[in-house]
Structures are given as structure tokens and as C-alpha cells.
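So you can see what is in the structure, the chains are spelled out below.
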Amino acid sequence: MINRVILIGRLTKDPELKYTSSGAAVGSFNLAVNRQFTNANGDREADFINCVIWRKSAENFANFTHKGSLVGIDGRLQTRNYENKQGQRVYVTEVVVDDFSLLESRGNDKGTNKAPINGKNTGTGTNQGNEMPNKSQSDPFAGNGQAIDINDDDLPF
């Protein structure tokens with residue numbers, strides 16, 4: 001079976017970082033992802049995807065992102081359910097993030113050429129995928145030193 005989700009979008013608000021009773025970090029955030037087509041009025045719509053990230057990756061994600069950050073995520077789709085205080089069954093579908101990439105430099109420093117920081121959730125409590133990529137590796141998201149022109153109409157919020 002295959003359950004793989006890859007998304008690129010912008011955070012709709014700062015990530016929320018909490019800790020379980022056993023001390024494991026868990027982060028939750030909402031990702032706005034533009035659709036490839038426009039609606040009848042010519043406007044581009046967006047989907048808002050609930051995401052959750054665990055352990056050291058959650059801490060790194062919360063430290064390096066904020067509302068409006070452009071991120072790429074790789075994970076799996078998961079559905080869970082629980083009973084709310086009114087006794088109703090509530091179903092939640094979310095992306096459990098295994099890996100993420102920051103697709104803009106921190107603080108949007110224009111004119112700088114910084115590689116994205118990657119986060120890998122290995123499930124062991126260690127974060128082995130957080131090394132900066134080698135400069136010899138080809139990074140399709142790294143800028144060539146030029147500012148990226150983003151129009152306000154391109155933002156989903």
C-alpha cells in the first residue's frame with residue numbers, strides 16, 4: 001500500500017508546539033496550498049490542510065517557521081477519531097509530517113543565497129536529517145542571489 005503526501009504551501013498561522021505527558025514534542029499547523037486552476041471568477045482558490053509533526057522535528061519546525069512561511073512537507077495521510085464532550089464522534093484527517101524543507105531564507109533576507117533546512121522525523125527521538133545539504137548537491141529551491149517576485153494575489157491569506 002502507498003500512503004504518501006507531498007505539499008508546498010504557506011503556514012496560515014504560527015505552528016502550535018505542545019508536549020505529551022511522556023515529554024514528546026508535537027506540533028500542529030495549517031498549510032494553505034494553492035490549487036492549480038482558477039474558479040469561475042478567475043480567482044485561484046486554496047486548500048487548507050491540517051498537519052502534525054512529532055519529536056525533534058516539531059521543535060525545529062516551530063523554531064524556524066512562522067505565519068506565512070513557505071514550506072515543503074513530505075508525510076502520510078492519517079484519519080483518527082475521538083468522542084467530544086457532547087458525546088459525538090469527531091473524525092479528523094491530517095498529514096503526519098515525516099520530513100520538511102524551508103523554502104525561503106529565515107526572515108526573508110533578500111539577496112542572500114541560503115539553502116533550506118531539512119527536518120527528518122526518524123521516530124527514534126534523534127533528528128538525523130537536519131544537516132545542511134552539501135553545496136555540491138543541486139537544490140532546485142535555492143535562489144541564485146536574486147529576489148523572488150511574489151505578488152500579494154499569489155498569497156492564499
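Being a predicted model, the structure only gives us computed values, none of them experimental.

Novice: Quick question: what am I supposed to make of the pairing of strand β4 (residues 44–54) here?
Specialist: In the case of a regular strand, side chains alternate between the two sheet surfaces. Direction of pairing for strand β3 (residues 25–38) relative to β4: antiparallel, over a ladder of 10 bridges. Paired with V33 across the two strands is D47, which belongs to β4. As judged from the three bridges shared by β4 and strand β6 (residues 89–102), these two strands associate in the parallel manner. What sits directly across from C51, in β6, is V95.

Novice: Is there a simple way to explain the confidence of the model for the chain in this structure?
Specialist: Where the model shows low pLDDT, its predicted coordinates should not be examined in detail. Taken as a whole, the chain shows an average pLDDT of 79; of its residues, 67% reach a score of 70 or greater. Long-range and interchain partners of residues 109–117, a stretch whose pLDDT sits below 50, account for 20 contacts in this model, where long-range means more than four residues apart. Low confidence marks residues 121–136, where pLDDT is under 50. Its contacts with residues over four positions away, or in another chain, come to 28 contacts.

Novice: How should the side chain of N84 be read in this particular structure?
Specialist: Position of N84 relative to the elements: it lies in the loop between β5 (70–83) and β6. Here Q88 takes part through its backbone nitrogen, which lies 2.8 Å from a polar atom of the side chain of N84.

Parameters at a glance
- The written sequence of each chain sets the order in which its residues are numbered from 1.
- For this predicted model, a pLDDT threshold of at least 70 governs which residues receive local features, and a threshold of 80 or more governs which side-chain atom pairs are given and counted, while totals over whole chains, interfaces and linings are taken from all residues.
- Side-chain measures here rest on the full set of heavy atoms in the structure, leaving out hydrogens and waters.
- A pair of strands counts as paired when DSSP detects no fewer than two bridges linking them.
- Counting from the N terminus, the helices are the DSSP runs of H or I reaching at least four residues and the strands are the DSSP runs of E reaching at least two.
- For every residue, the predictor reports its confidence as pLDDT, a number between 0 and 100.
- Working rule for contacts: check all heavy atoms of both residues, and any pair within 4.5 Å makes them a contact.
- Polar contact criterion, stated in full: a pair of N or O atoms within 3.5 Å, where within protein one must be able to donate a hydrogen and the other to accept it, and residues adjacent in sequence count only if both atoms are side-chain atoms.

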